[in-house]
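Below, each chain spelled out in residue letters.
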Amino acid sequence: DAGVTQSPTHLIKTRGQQVTLRCSPKSGHDTVSWYQQALGQGPQFIFQYYEEEERQRGNFPDRFSGHQFPNYSSELNVNALLLGDSALYLCASSLDPGVNYGYTFGSGTRLTVV
Amino acid sequence: SQKIEQNSEALNIQEGKTATLTCNYTNYSPAYLQWYRQDPGRGPVFLLLIRENEKEKRKERLKVTFDTTLKQSLFHITASQPADSATYLCALASNTGGFKTIFGAGTRLFVKA
């Protein structure tokens with residue numbers, strides 16, 4: 001049973017460009033949350049998707065947007081990339097609301113903005 | 001604002017001893033508290049969850065306590081092993097609007113053989 005799959009694993013982009021990261025949740029999970037983790041820091045909550053809608057959002061600008069598809073997979077889009085967007089982006093899936101068994105995380109996408 | 005504090009300094013202990021990690025929080029009333037393990041370059045792995053009405057939860061060599069008065073959780077690893085070396089993250093979730101889960105910065109644990 002595959003866990004959470006994220007692609008790509010690594011990505012290098014130039015300032016001002018746009019990027020799309022993808023996530024396939026664990027089989028049976030219907031909720032996807034995205035986190036940004038800078039080096040040496042804990043994961044910071046970006047937003048959560050459930051039933052194809054953004055249910056909650058953290059303190060991230062509108063440059064960060066997302067989508068959830070009918071098969072529960074999700075995308076994270078970041079526009080107008082800044083150097084400070086360089087981080088590990090983690091996708092976590094759960095069976096809504098996700099507080100009985102915790103989240104299952106993918107291994108992340110390492111984004112470097114140059 | 002909501003804040004989660006974990007020891008920023010690494011914890012070094014000898015194999016076989018009990019490791020105790022602390023998680024303190026402010027301006028928050030979590031319904032659930034979780035602990036995760038994270039190895040370098042990998043995503044966090046869920047270990048234990050404790051609810052606000054529970055005082056203690058155990059799983060094999062792991063024990064978590066949750067004191068909502070002190071706003072603190074303690075995470076214990078008994079009979080620690082070098083393989084337990086990792087960063088341990090505390091995470092809180094409220095029961096409002098979708099159980100958004102927020103994480104602390106984590107504590108790095110080193111277990112020496």
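Refer to the structure presented above.
Predicted, not measured: the structure shown is a model, and the values here were computed from it.

Novice: Break down the sheet that holds strand 7 (residues 64-68) of chain A for me, citing the residues and quoting the values.
Specialist: Residues and elements named next belong to chain A. Reading across the sheet, the four strands line up as 1-3-8-7 and stay open at both edges, with antiparallel pairing between neighbours. The open sheet has two edge strands, strand 1 (5-7) and strand 7, and neither has a second partner. Adjacent strand axes in the sheet meet at a mean angle of 15°, parallel and antiparallel pairs treated alike. The pairing of strand 1 with strand 3 (residues 19-24) spans three bridges and is classified as antiparallel. Residue pairing across strands places S7 opposite R22, the latter belonging to strand 3.

Novice: Account for the pattern of salt bridges, naming residues and giving values.
Specialist: Residues and elements named next belong to chain B. Taken as a whole and assessed by the stated rule, the structure comprises eight salt bridges over all chains. As a salt-bridge pair, E5 and K3 come within 3.6 Å of each other at their nearest N and O atoms. One salt bridge connects K57 with E54, and the closest N-O pair in it is separated by 3.7 Å. Judged by its relative accessible area of 23%, K57 is partly exposed.

The rules behind the values
- Residues numbered from 1 in each chain as written.
- Chains lettered and ligands numbered in written order.
- Predicted model: local features only at pLDDT ≥ 70, side-chain atom pairs only at ≥ 80, totals over all residues.
- Heavy atoms only, no water.
- Pairing = 2+ DSSP bridges.
- Helix = DSSP H or I, 4+ residues; strand = E, 2+ residues; numbered from the N terminus.
- Axes fitted to C-alpha atoms, helices over the stretch in contact; angles between N-to-C directions.
- Salt bridge = Lys/Arg side-chain N within 4 Å of Asp/Glu carboxyl O.
- Buried < 20%, exposed > 50% of the residue type's maximum accessible area, 1.4 Å probe, protein only.

It is worth stressing that arrangement in space is one thing and function is another; only the former is reported here.
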